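# Examining the three-dimensional arrangement
What follows is each chain in one-letter form.
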Amino acid sequence: MGGRPGGGALVLVLVLLCAGGARGKPTFRKDRVVHPEPELGERPHEDNQSFQYDHEAFLGKEEAKTFDQLTPEESKEKLGKIVDRIDDDKDGYVTAEELKNWIKRVQKRYIYENVAKVWKDYDLNKDNKISWEEYKQATYGYYLENPEEFQDATDQHNFKKMLPRDERRFKTADLDGDSAATREEFTAFLHPEEFEHMKDIVVLETLQDIDKNEDGFVDQDEYIADMFANEEGGPEPDWVVTEREQFSDFRDLNKDGKMDKEEIRHWILPQDYDHAQAEARHLVYESDVDKDQKLTKEEILDNWNMFVGSQATNYGEDLTKNHDEL
């Protein structure tokens with residue numbers, strides 16, 4: 001039986017109540033653009049002997065702060081265990097690609113931690129998978145069993161819209177098609193912008209959010225209305241005028257007065273500089289003694305100070321125990 005909204009369901013109710021069309025829109029700028037590895041892009045890489053950027057990229061910003069208590073010997077021991085995790089194909093070498101993938105996982109650690117926090121709210125039968133039925137019951141059960149409590153037409157519309165939308169996203173995340181999400185699949189479901197195979201869903205959902213006349217495109221007025229509601233009348237703020245110019249100059253690439261799916265993709269999923277790839281190449285270049293474009297564990301340990309410095313305790317230990325999500 002579906003209980004009163006709790007966990008994800010309560011969040012959904014609050015989102016829907018805040019999203020009702022009659023309840024007004026924010027008058028501040030909304031940013032729909034996805035920024036991968038935001039922490040790595042916040043500041044430039046400084047080639048000095050502190051290696052702070054390298055440590056934060058390799059270990060994660062918060063974790064890097066806790067690694068000051070180990071001796072060099074202890075640090076190397078923990079680093080060796082991390083290297084074993086990075087070597088995905090277990091061939092004894094760490095490539096720039098494997099390092100890049102590791103750095104991306106580290107930078108996304110907060111996402112996996114978020115999923116771990118809510119997992120028990122949805123895995124109702126405790127089988128370490130979340131079926132679509134479990135998610136639907138936990139999120140929509142109360143609404144489905146008590147529709148009379150949701151008399152507001154906008155709320156009803158939103159619930160009826162969100163349920164099939166969630167089901168479509170769930171099926172896309174469910175790569176093996178068994179109608180049950182593993183932790184990785186559920187992570188893709190909750191955070192689709194972080195997974196390549198979910199990008200089409202991100203674009204489609206953005207289009208459907210903004211495309212109020214449902215013609216399959218986003219025109220300039222819809223683009224602006226998503227960011228700004230001029231409820232008091234009067235002139236538009238300067239930033240809105242600038243956004244109109246941005247739409248004409250940079251969003252509407254084929255100059256037909258509207259954005260299609262590809263133009264929306266170009267807008268919200270820009271192909272920016274890949275900070276993780278650049279850092280991986282840097283670490284390989286600085287540590288690759290025999291210049292074969294890949295690293296042995298010995299090469300990494302010989303240059304341990306660049307990877308972890310005198311730091312690798314709590315996180316390294318975590319990695320060898322419970323952090324299967326990385």
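Just so you know, these numbers come straight off a predicted model, no measurement behind them. Starting from 1, residues in each chain are numbered consecutively following that chain's sequence as written. This being a predicted model, a pLDDT of at least 70 is required before a residue's local features are given, and a value of 80 or more before pairs of side-chain atoms are given or counted; all residues contribute to the totals for chains, interfaces and linings. Side-chain numbers here rest on the full set of heavy atoms in the structure, without hydrogens or water.

### Considerations on the environment of Asp302
- The residue Asp302 is located in helix α16 (residues 297–302) in this model.
- For every residue, the accessible area (1.4 Å probe, protein chains only) is compared with the maximum for its type, and the residue is labelled buried under 20%, exposed over 50%, or partly exposed between those bounds. According to the relative accessible area criterion, Asp302 is exposed, its value standing at 60%.
- It is 9.7 Å that separates the C-alpha atoms of Asp302 and Val289, two residues lying 13 residues apart in sequence. A run of H or I in DSSP counts as a helix once it spans at least four residues, and a run of E counts as a strand once it spans at least two, with each numbered from the N terminus.

### A look at the packing of helix α9 (residues 153–173) against helix α10 (residues 183–190)
- Helix axes use the C-alpha atoms of the stretch in contact, all axes being lines fitted to C-alpha atoms, and the angles between their N-to-C directions lie in the range 0 to 180 degrees. One can describe the packing of α9 onto α10 by two numbers: an axis separation of 8 Å at closest approach and a directional angle of 140°. Classed by the angle they form, the pair α9 and α10 counts as oblique. You can see that α9 and α10 cross each other, and the crossing is right-handed. In contact with Asp166, Arg169, Phe170 and Ala173 of α9, α10 contributes Glu185, Ala188, Phe189 and Leu190. Any angle that falls under 35 degrees is termed roughly parallel, while one over 145 is termed roughly antiparallel, one within 65 to 115 roughly perpendicular, and all others oblique. Note on convention: the crossing is left-handed when the near helix lies turned anticlockwise from the far helix by less than a right angle, right-handed when the turn is clockwise. Residue contacts are defined here by distance: any two heavy atoms, one from each residue, within 4.5 Å place the two residues in contact.

### Some points on the side chain of Ser287
- With respect to the element layout, Ser287 can be found in helix α15 (residues 275–287).
- Leaving out residues up to four positions away in the same chain, Ser287 has contacts with Leu295, Glu299, Asn303 and Phe307.

### Side note on the packing of helix α8 (residues 132–145) against α9
- Viewed as axis vectors pointing N to C, α8 and α9 meet at an angle of 180°, and their least axial separation amounts to 11 Å. Classified by the angle their axes make, α8 and α9 are roughly antiparallel. Each of Trp132, Tyr135, Lys136, Tyr140, Tyr143 and Leu144 in α8 lies in contact with α9, whose residues at this interface are Gln156, Phe159, Lys160, Met162, Leu163, Asp166, Glu167 and Phe170.
- Only Asp, Glu, Lys and Arg are considered charged, only Ala, Val, Leu, Ile, Met, Phe, Trp, Tyr, Cys and Pro nonpolar, and every remaining residue, Gly among them, polar. Taken together, the residues of the contact of α8 with α9 sort by class into nine nonpolar, one polar and four charged.

### Side note on the packing of aromatic side chains
- In this scheme Phe, Tyr and Trp rings, the latter by its six-membered ring, pair at centre separations within 6.5 Å, and the angle between planes marks the pair as stacked below 30 degrees, edge-to-face above 60, and tilted otherwise. Within this structure, the stated rule accounts for 14 aromatic pairs.
- Here Tyr223 and Trp267 contribute two aromatic rings whose centre-to-centre distance is 5.2 Å and whose plane-to-plane angle is 65°, an arrangement assigned as edge-to-face. You can see Tyr223 sitting in helix α12 (residues 220–225) and its partner Trp267 sitting in helix α14 (residues 261–268), a full 44 residues away along the chain.
- Among the residues examined, Tyr223 registers a relative accessible area of 1% and is labelled buried.
- Between Phe228 and Trp239, the aromatic rings sit 6.0 Å apart at their centres with planes inclined by 85°, giving edge-to-face as the arrangement. Taken together, the residues Phe228 in the loop between α12 and α13 (238–251) and Trp239 in helix α13 connect sequence positions 11 residues apart.

### Some details on the pattern of salt bridges
- In the sections that follow, a salt bridge refers to a side-chain nitrogen of Lys or Arg positioned within 4 Å of a carboxyl oxygen of Asp or Glu. A full pass over the atoms with the stated rule returns 19 salt bridges.
- Residues Asp209 and Arg32 are paired through a salt bridge, measuring 3.7 Å at the closest nitrogen-oxygen approach. Of this pair, Asp209 sits in helix α11 (residues 199–210) while Arg32 sits in the loop between α1 (8–19) and α2 (38–41), placing them 177 residues apart in sequence.
- One continuous salt-bridge network, built from bridges that share partners, spans Arg32, Arg165, Arg169, Glu205, Asp209 and Asp226.

### Overview of the nonpolar core
- Among the buried residues, those of types Ala, Val, Leu, Ile, Met, Phe, Trp, Tyr and Cys that are joined through side-chain atoms within 4.5 Å form a nonpolar core. Counting residues in each nonpolar core, the largest one holds 25 residues, and the members touching the most others are Phe58, Leu79, Leu99 and Phe307.
- Looking at this core, the elements that each hand over two or more residues are α3 (52–59), α5 (72–86), α6 (96–107), α15, α16 and α17 (304–307).
- In this structure, Phe307 is in contact with Asp54, His55, Phe58, Leu59, Leu79, Leu99, Leu283, Ser287, Leu295 and Ile300, ignoring residues within four places of it in sequence.
- By size, the runner-up hydrophobic cluster in this structure holds 22 residues, among which are Trp132, Tyr140, Tyr142 and Ala173.

Everything listed is a geometric property; what it means functionally is a separate question.
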